[in-house]
Amino acid sequence: MAVDKFPVEGSHIMMFARSVGDDNQIYYDEAYAKGTEPGGVIAPPTFAQSSAQFDPDYFLRPKPGEDWFGSGKEATGIKKKPSGGGGGGGGGLHAEQHFEYHRHIGPGDVLTATVKQGEGWEKEGKRSGKLIFSETITEYHDQNGELVITARGVGVRTERPVDQ
Amino acid sequence: MALSASNLNAGDTYTESLVEDLKRTQIVMYAGASGDYNPVHTDEKFTKELAGYPSVFAHGMLTMGMTGSMLTNYVGDGRLTKFGVRFTSQVWPGDSLNATATVEDVTDGIVNLKVETTNQDGVVVLSGYAAARVD
């Protein structure tokens, strides 16, 4: 997702680290972090993915006044039938994710994320019918215009839900 | 904390238990922190009745995030230069996951690792690689 302004904040890093079950003090304790090699609080390796919070149009977040495809009284809050195949609700499934770290980010960094569409391909899956893959490359630059993280994601839409 | 190249050999492994009996609440925590509110991760009604799955399931990125924690515990803070994965099977509430990093080679101060996360049945749920600076 393209993001104009992704301010990296300490409390967000703390919540993110908690959510992945990581209690490393470097993610929340500034005094401790000062004594470590990075010399300050840094973000966990997959934190950049939470730039979704700063994309005003991110489609996997409910927005005031708009229909949301998750359940309310009924299984979906969307009145018309949702389009697209099964497999991931509205968003497809995540097939791959790759990060290259040019520098480790921390509180105080203000990032931008620019997105380039990568390749697309199709495959016949045994458990879910036709699979349609699409790749995106996201470059995160810091407040000085330096490239800090390069991310490559592959999403997949399936013809039907994956057999269990 | 960081690894020393002279102590690393191809085939060395490091394993951690990532989670025992994954709770739906942890998946909710990840949704809230990451901003990915896709209902297939937190909304049982939607996921069963509309998406066609037996229950909600974890974000692939939650599994990657937990696996990243194993990696940083192994290689040290701020040492990763690359981390990439394929999500090979879904992770469900109740799953218990183990992650293993295996040394492939050490060249020019960088260790290349093979990374694999498996569930309680031995099914590989995440498969990938990482690279990190070593002393």
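Source: prediction; values computed, not measured.

J.: What should I look at first to understand the interface of chain B and chain A in this one?
T.: How big an interface is tends to be stated in terms of accessible area lost as the parts join. At the junction of the two partners, chain B supplies 47 residues and chain A supplies 54 residues. Between chain B and chain A, a total of about 3,800 Å² is buried, with carbon and sulfur atoms accounting for 58% of that surface. Our enumeration of links across chain B and chain A arrives at 1 salt bridge. Glu37 of chain A serves as the salt-bridge partner of Arg79 of chain B, at 2.5 Å between the closest nitrogen and oxygen. Residues belonging to the side of chain B that touches chain A are distributed by class as follows: 22 nonpolar, 16 polar and 9 charged. In this sheet, strand β2 (residues 80-87) of chain B lies alongside strand β2 (residues 93-101) of chain A in antiparallel orientation, the contact comprising 5 bridges. Bridge pairing in β2 of chain B links Glu96 of chain A to Arg86 of chain B.

J.: Honestly, the environment of Gly78 of chain B in this entry has me stumped. Any pointers?
T.: With respect to the element layout, Gly78 of chain B can be found in the loop between α3 (60-75) and β2. Taking the relative accessible area as the measure of exposure, Gly78 of chain B reaches 14% and is therefore buried. Residues Gly78 of chain B and Gly60 of chain B lie 18 residues apart in sequence; the distance between their C-alpha atoms is 23 Å. With residues up to four places along the chain from it excluded, the contact list for Gly78 of chain B reads Pro38, Ile42 and His104 of chain A together with Arg133 of chain B.

J.: When you look at the packing of helix α1 (residues 24-34) of chain B against α3 of chain B in this model, what are you seeing that I'm missing?
T.: Axes are the key here: two packed helices are described by the angle between their axes and the distance separating the axes. Residue and element names in this part refer to chain B. Remark: α1 packs on α3, axes separated minimally by 10 Å, with the N-to-C direction vectors making an angle of 95°. As far as their axial angle goes, α3 and α1 are roughly perpendicular. Every residue of α3 that contacts α1 at Gln26, Ile27 and Tyr30 is listed here: Met61, Leu62 and Met66. A per-class count over the contact of α1 with α3 returns 5 nonpolar, 1 polar and no charged.

J.: Got a minute to help me understand the side chain of Thr76 of chain A in this structure?
T.: In this fold, Thr76 of chain A is placed in the loop between α2 (30-34) and β2. Looking at Thr76 of chain A, the relative accessible area reads 16%, which means it is buried. Polar side-chain contacts of Thr76 of chain A include one of 3.1 Å to the backbone nitrogen of Ile78 of chain A. The contacts of Thr76 of chain A, once residues within four sequence positions are left out, are Trp68, Phe69, Gly70 and Ser71 of chain A together with Phe46 and Leu50 of chain B.

J.: Would you explain the environment of Asp142 of chain A in this entry?
T.: All names here are of chain A. Relative to the helices and strands, Asp142 is located in the loop between β4 (129-141) and β5 (147-158). The class of Asp142 is buried, set by a relative accessible area of 7%. Residues Asp142 and Leu60, 82 residues apart in the sequence, show an inter-C-alpha distance of 25 Å. When sequence neighbours within four positions are dropped, the list of residues in contact with Asp142 reads Arg103, Val110, Leu111 and Val148.

Conventions and cut-offs
Residues numbered from 1 in each chain as written. Chains lettered and ligands numbered in written order. Predicted model: local features only at pLDDT ≥ 70, side-chain atom pairs only at ≥ 80, totals over all residues. Heavy atoms only, no water. Contact = heavy atoms within 4.5 Å. Buried area = accessible area lost by both parts, 1.4 Å probe. Salt bridge = Lys/Arg side-chain N within 4 Å of Asp/Glu carboxyl O. Nonpolar A, V, L, I, M, F, W, Y, C, P; charged D, E, K, R; others polar. Pairing = 2+ DSSP bridges. Helix = DSSP H or I, 4+ residues; strand = E, 2+ residues; numbered from the N terminus. Buried < 20%, exposed > 50% of the residue type's maximum accessible area, 1.4 Å probe, protein only. Axes fitted to C-alpha atoms, helices over the stretch in contact; angles between N-to-C directions. Parallel < 35°, antiparallel > 145°, perpendicular 65-115°, else oblique. Polar contact = N/O pair within 3.5 Å; in protein donor to acceptor, adjacent residues only side chain to side chain.

By themselves these figures say nothing about function.
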